[in-house]
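A closer look at the structure
The primary structure of each chain is shown beneath.
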Amino acid sequence: MVRRVPLGPIRPLGITPHLAHLAGNMSVSDGLNTKAASGRRKRGAPFLLIAAALLLFAAIAGATFLLSRPTTLRIAVGPTGSDDQKLIVNLAQAFINEGSPVRLTVISTAGAVESLGLLAAGEVDLAVGRSDEEIPKGAGSVAILRKNVVVLWTPSGAPKKGAKKDTKSKIKEIGDLEGHRIGVLGRTPVNVTLLKVILSESGLNPDKVTISRFSVSDITEMVKDPTIDAFMTVGPLDSKITTEAITTTARLRGEPAFLPIDVSEALAHKHPLYESEEIPGSSITTSPARPDDTVDTVGVNHLIVASKSLSEPAAGAFTRALFNVRPALVREDPAASKIAKPDTDKDAAIPAHPGAAAYIDGTERTFLDRYSDFFWGGILLLSVLGSGAAWLRHYMKREERNITSLHRDKLLAAIAQVRKTDSVEELDALQEEADEFLRETLECYDDGAIEEGDISAYGLVLEQFHHAVVDRRAVIAASPGPAGASRIRA
């Protein structure tokens with residue numbers, strides 16, 4: 001007697017028990033293949049997890065390495081052997097000694113003009129130059145290396161034979177320089193430009209004053225020249241060049257008389273690149289005191305400027321590293337004590353680089369602040385791409401879904417056919433066809449062409465088909481005739 005297979009509960013999601021039962025009715029070779037594939041999936045899953053974990057670890061390690069690697073910046077400074085170059089070389093070494101996240105590659109040049117030219121050409125990231133030189137458009141200051149001041153003086157004249165004191169200079173103020181010759185120490189043309197601005201603001205016609213330039217190695221020749229009635233240097237207050245020029249003047253042509261720039265404040269107001277400064281008494285030499293009292297003058301900053309193409313994080317990192325190592329740098333090079341923060345006002349003559357200004361003003365953005373927009377944009381983009389990929393996959397799998405629907409419709413039609421057939425062989429053929437439908441449906445499910453809801457609906461139809469087959473077999477087995485007899489014997 002044939003036992004009826006009871007109709008088990010139908011699950012709304014997942015594969016029904018009869019689906020699993022009918023899958024088990026497949027041929028031996030199919031079953032073996034299915035087990036082999038399942039075994040491969042089971043063995044492959046841990047390896048995929050391990051590979052994904054290793055890939056994630058490699059990505060994190062790579063990102064950490066890139067973020068922790070020091071930033072290397074190129075800085076142009078010159079001339080070779082100058083105090084500026086020595087200071088920058090010492091700064092580069094201090095970055096290494098202090099383990100700074102910034103490294104410097106020092107590019108030696110013939111002077112500030114060439115250094116700024118390299119910056120304008122994009123060949124370096126930073127350059128050292130004076131604020132009144134031709135700063136590349138868009139470049140911003142990141143630090144003041146020092147403040148240079150103008151020193152103007154005239155010789156009193158060597159004492160005549162038998163005289164105990166030096167004669168007094170006929171030039172008492174800048175207005176007396178008309179028709180005279182001034183020796184300017186330093187070959188840079190910006191010194192001459194600055195002198196002409198001073199003369200103009202003091203009420204003189206610069207064309208009525210003769211200006212001659214001398215290199216720093218020609219101090220003695222300049223002072224000895226009797227046709228030169230006044231001298232000018234531009235440098236820090238403790239400049240060795242200025243001190244040497246003044247002491248040489250005192251030795252060869254009498255005690256120097258310092259000329260104050262009384263219009264320094266008005267000049268600075270009209271020409272923002274310059275500042276009103278003072279030369280304190282005894283700041284050049286103390287014995288004798290030179291000058292013997294405070295002298296008004298004009299100052300100009302010596303800067304480290306950054307290219308506009310230098311990113312804010314890189315400029316901020318350099319500025320932070322510079323002021324962090326400055327105390328240690330001062331022990332190696334006292335000139336580092338003059339390093340100061342740049343003017344961060346937006347209306348400054350040479351505005352600070354945005355990265356340096358953010359560090360100085362305490363408005364630096366964190367990593368998340370800088371890149372949060374990219375993160376959210378990336379998430380949104382991934383969401384859009386994911387939706388697009390899902391739609392594309394759904395579109396590309398439409399043929400498989402159509403096949404599954406066709407199989408389901410065929411099974412529905414087969415149920416009616418099963419209930420009418422009197423042939424066990426026909427039932428077996430229908431059962432084999434249903435098994436093939438099941439195989440293809442499961443493959444579509446594995447490929448993601450159909451969802452669990454689709455396969456549950458298919459399972460319901462397949463279960464009804466199976467129930468109809470079982471019922472029909474029982475009817476055929478119970479009926480008289482060859483088919484029933486053969487089934488009973490079986």
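Residues numbered from 1 in each chain as written. Predicted model: local features only at pLDDT ≥ 70, side-chain atom pairs only at ≥ 80, totals over all residues. Heavy atoms only, no water.

Focus on the packing of helix α3 (residues 83–97) against helix α9 (residues 312–332)
Put simply, α3 and α9 touch, their axes get as near as 10 Å, and they point 100° apart. Between α3 and α9, the crossing angle belongs to the class labelled roughly perpendicular. Where α3 abuts α9, its residues Leu87, Asn90, Leu91, Ala94 and Phe95 lie against Phe318, Ala321, Leu322, Val325 and Leu329. (Axes fitted to C-alpha atoms, helices over the stretch in contact; angles between N-to-C directions. Helix = DSSP H or I, 4+ residues; strand = E, 2+ residues; numbered from the N terminus. Parallel < 35°, antiparallel > 145°, perpendicular 65-115°, else oblique. Contact = heavy atoms within 4.5 Å.)

Thoughts on the packing of α9 against helix α10 (residues 354–361)
Two elements in contact, α9 and α10, have axes separated by 7 Å at closest approach and are oriented at 50°. Between α9 and α10, the angle is such that the two are oblique. Two packed elements cross with a definite hand, and for α9 against α10 that hand is right-handed. Within the contact between the two elements, α9 uses Glu312, Ala315, Gly316, Thr319, Arg320, Phe323 and Asn324 and α10 uses Pro354, Gly355, Ala356, Tyr359 and Ile360. A breakdown of the residues in the contact of α9 with α10 according to their chemical character gives 6 nonpolar, 4 polar and 2 charged. (Left-handed = near helix turned anticlockwise from the far one by under 90°. Nonpolar A, V, L, I, M, F, W, Y, C, P; charged D, E, K, R; others polar.)

A look at a nonpolar patch on the surface
A contiguous nonpolar patch, built from Leu381, Leu382 and Leu385 and spanning about 320 Å² of accessible area, is present on the exposed surface. Within the fold, leucine 385 resides in helix α11 (residues 367–396). (Patch = residues over 30% accessible without salt bridge, like charges linked within 9 Å, V, L, I, M, F, W, Y side chains within 5 Å. Areas by Shrake-Rupley, 256 points an atom, 1.4 Å probe, with all protein chains shown as cover. Salt bridge = Lys/Arg side-chain N within 4 Å of Asp/Glu carboxyl O.)

Side note on the confidence of the model for the protein chain
Segments scoring low in pLDDT should not have their predicted coordinates read at a detailed level. Of all residues in the protein chain, 78% attain a pLDDT of 70 or more, and the chain-wide mean is 82. Looking at the elements of the protein chain, mean pLDDT is at its lowest for helix α1 (residues 17–24), recorded as 43, and at its highest for strand β5 (residues 181–185), recorded as 97. The low-confidence segment residues 1–44, where pLDDT is below 50, has 51 contacts with residues more than four positions distant or belonging to other chains. A low-confidence stretch, residues 485–490 (pLDDT under 50), is modelled with 4 contacts involving residues beyond four sequence positions or located in other chains. (pLDDT = per-residue confidence, 0-100.)

Points about the side chain of serine 131
Within the secondary structure, serine 131 sits in the loop between β3 (126–130) and β4 (140–155). By relative accessible area, which is 5% here, serine 131 ends up buried. (Buried < 20%, exposed > 50% of the residue type's maximum accessible area, 1.4 Å probe, protein only.)

A word on the pairing of β5
Counting buried residues in β5 gives 4 out of 5 residues, a clear majority hidden from the surface. The β-α-β motif built from β5, the intervening helix α5 (residues 189–201) and the parallel element strand β6 (residues 210–214) has right-handed crossover chirality. Taken together, the 3 bridges between β5 and strand β7 (residues 230–235) define a ladder with parallel strand orientation. What sits directly across from glycine 183, in β7, is phenylalanine 231. (Right-handed = clockwise from strand over helix to strand, strands pointing away. Pairing = 2+ DSSP bridges.)

Quick notes on the pairing of strand β1 (residues 71–77)
Judged from the 7 bridges that link them, β1 and strand β2 (residues 102–108) form a sheet pairing that is parallel. Each bridged residue has a counterpart across the sheet, and for valine 77 the counterpart in β2 is serine 108. Looking at chain direction, β1 and β3 are connected through 2 bridges and run parallel. Residue pairing in the sheet places alanine 76 in a bridge with alanine 127 of β3.

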